[in-house]
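The primary structure of each chain is shown beneath.
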Amino acid sequence: MPREDDGSTSRSVGYRRSVNVPVIDVAPLVGTGTERDVRAVAEAIDEACRDLGFFVISGHGLDPQLRRDLDEAAREFFALPDETKAAIAMPRAGLAWRGWFPVGGELTSGRPDLKEGIYFGEEHRSDHPGVLGGRPLHGANLFPEQPSQLRPLVLDYLDALTTLGQQVLDAVALALGLPRNWFRTQLTEDPVVLFRIFHYPPSEPTADDWGVGEHTDYGLLTLLGQDGNAGLQVRSADRWVDVPPDADTFVCNIGDMLERLTGGRYRSTPHRVRNTSGAERLSYPFFLDPSWNAVVDRLPIVDRPSADDEAAAQRWDHASVHGFSGTYGDYLLQKVSKVFPELGAPAVKSG
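These lines cover the structure that appears in this document, whether it is placed above or below. The numbers attached to residues start from 1 for each chain and follow its sequence in the written order. Thresholds applied to this predicted model are a pLDDT of at least 70 for local features of residues and 80 or more for the giving and counting of side-chain atom pairs; totals over whole chains, interfaces and linings are not thresholded and use all residues. Hydrogen atoms and water are omitted, and side-chain values are computed over all heavy atoms in the structure.

Comments concerning the sheet that holds strand β9 (residues 212–215)
The strands making up a sheet are joined through hydrogen bonds of the backbone, oriented either antiparallel or parallel. Sheet architecture is open: four strands sit in the order β9-β14-β11-β12, paired in antiparallel fashion. On the outer flanks of this sheet lie β9 and β12 (240–242), each paired with one strand and no other. When the angles between neighbouring strand axes are averaged without regard to direction, this sheet yields 20°. Strand pairing requires that DSSP identify at least two bridges connecting the strands. Under the scheme used here, helices are H or I runs from DSSP no shorter than 4 residues and strands are E runs no shorter than 2 residues, and both carry numbers assigned from the N terminus. Sheet analysis places strand β11 (residues 232–235) next to β12, joined by three bridges and oriented antiparallel. Each bridged residue has a counterpart across the sheet, and for Val234 the counterpart in β12 is Val241. Interaxial angles span 0 to 180 degrees and are taken between N-to-C directions of axes, which are lines fitted to C-alpha atoms, for helices over the stretch in contact.

Below, the structure is given as structure tokens:
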């Protein structure tokens, strides 16, 4: 169970508690920290992943001006009329699954979310093997003409968050007793990189209305940027925990593939969003996932669970991540096609 904040802080690394969500200073990972400090960060991340499955990272070194400029450009875009934003509507990207969707255009557990957003991914050139092979989720991004600065800001942000995500996975590898570069060489040498900007309009949701309904993330690691408006909630063992908004940090959580990799030692924690702030809310989820053709199997450090393991009955979707067979691309296609069923293409191979 998560512990309440006891008011204590670590020396230079480790984490403190803030409303049950650990805050970890990852400066030793992104700078020139000593081996001892790096190990301390890894131990803090390991405890957080075993406990709540969510933590907040500070000391990440990302340029705050980049985040401010991206936020300003995103707000300018979402203030445009829907008919203008529709110039980059998702159907225009085809199987690349990029672009804008309106409020209610995305489903979670089969229900429309009270948000709009833009989907981005790694900017693939036309000669990329995945593009040439017609692979879903591969292709060029759709960027709006207005604001024109959104394109370079998003691409710079993708590069910066990919680097940061790999550094956090380095600590996860150490926490699991693996070489520091294990993920880079085994699962994320050519990662699936996905980025969203979500806009939650001011609303007064009923008990059954959610900005995003209960769900887990699909891949390895999520780095979430938030503005100053609350809304994110994480499910602990016996209650939902509010994650305080902080535009200077990133909320980090593990996805289904890290639960699968560790045989449940780390859990992919359900979470949801409800915007009750009375103001518009923007969030910036970045997903660092395994390579498309990677086969994510259990590490030898854990016992292999059965396909119908007991935890599956307790998951939000009642589906075991341990019984799945195939590549990460196969898993991702199954999940994303439920979010946007009109974009599904079962006849297209994932390889």
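We are not done yet, so read on.
Brief notes about empty space enclosed by the protein
Taking a probe equal in size to a water molecule and rolling it over the atoms shows the remaining empty space. Grid points spaced at 1 Å and placed over the protein atoms alone form the basis of the search, with a cavity being a set where a 1.4 Å probe fits but cannot get out and a pocket an open set showing protein on both sides within 12 Å along at least five of seven lines. Lining residues have an atom within 4 Å of a point. Grid points are joined across faces, edges and corners, and a volume is the space filled by probe spheres set on the points. Scanning all chains against the criterion turns up two cavities of 30 Å³ or more. The calculated volume of the second largest cavity comes to roughly 30 Å³. Lining the second largest cavity are Ala96, Trp97, Arg98, Tyr119, Leu137, Leu194, Arg196 and Val336. For the lining of the second largest cavity, the class distribution of residues is six nonpolar, no polar and two charged. Each residue gets one of three labels, nonpolar for Ala, Val, Leu, Ile, Met, Phe, Trp, Tyr, Cys and Pro, charged for Asp, Glu, Lys and Arg, and polar for the others, Gly among them.

Focus: a negative patch on the surface
Nonpolar side chains (Val, Leu, Ile, Met, Phe, Trp, Tyr) are joined into patches within 5 Å and like charges within 9 Å, using only residues with over 30% relative accessible area and no salt bridge. Working definition of accessibility: Shrake-Rupley area with a 1.4 Å probe, residue cover restricted to the visible protein chains. Salt bridges are counted wherever a side-chain nitrogen of Lys or Arg sits within 4 Å of a carboxyl oxygen of Asp or Glu. Only four residue types enter the charge count: Lys and Arg as positive, Asp and Glu as negative, with His and the chain ends excluded. To locate a charge, take atom NZ for lysine, CZ for arginine, CG for aspartate or CD for glutamate. Together, Glu122, Asp156, Asp159, Glu189 and Asp190 make up a region of like negative charge exposed at the surface. Of note, Glu122 is situated in the loop between β7 (116–121) and α5 (129–132).

By themselves, these observations are geometric and do not establish any function.
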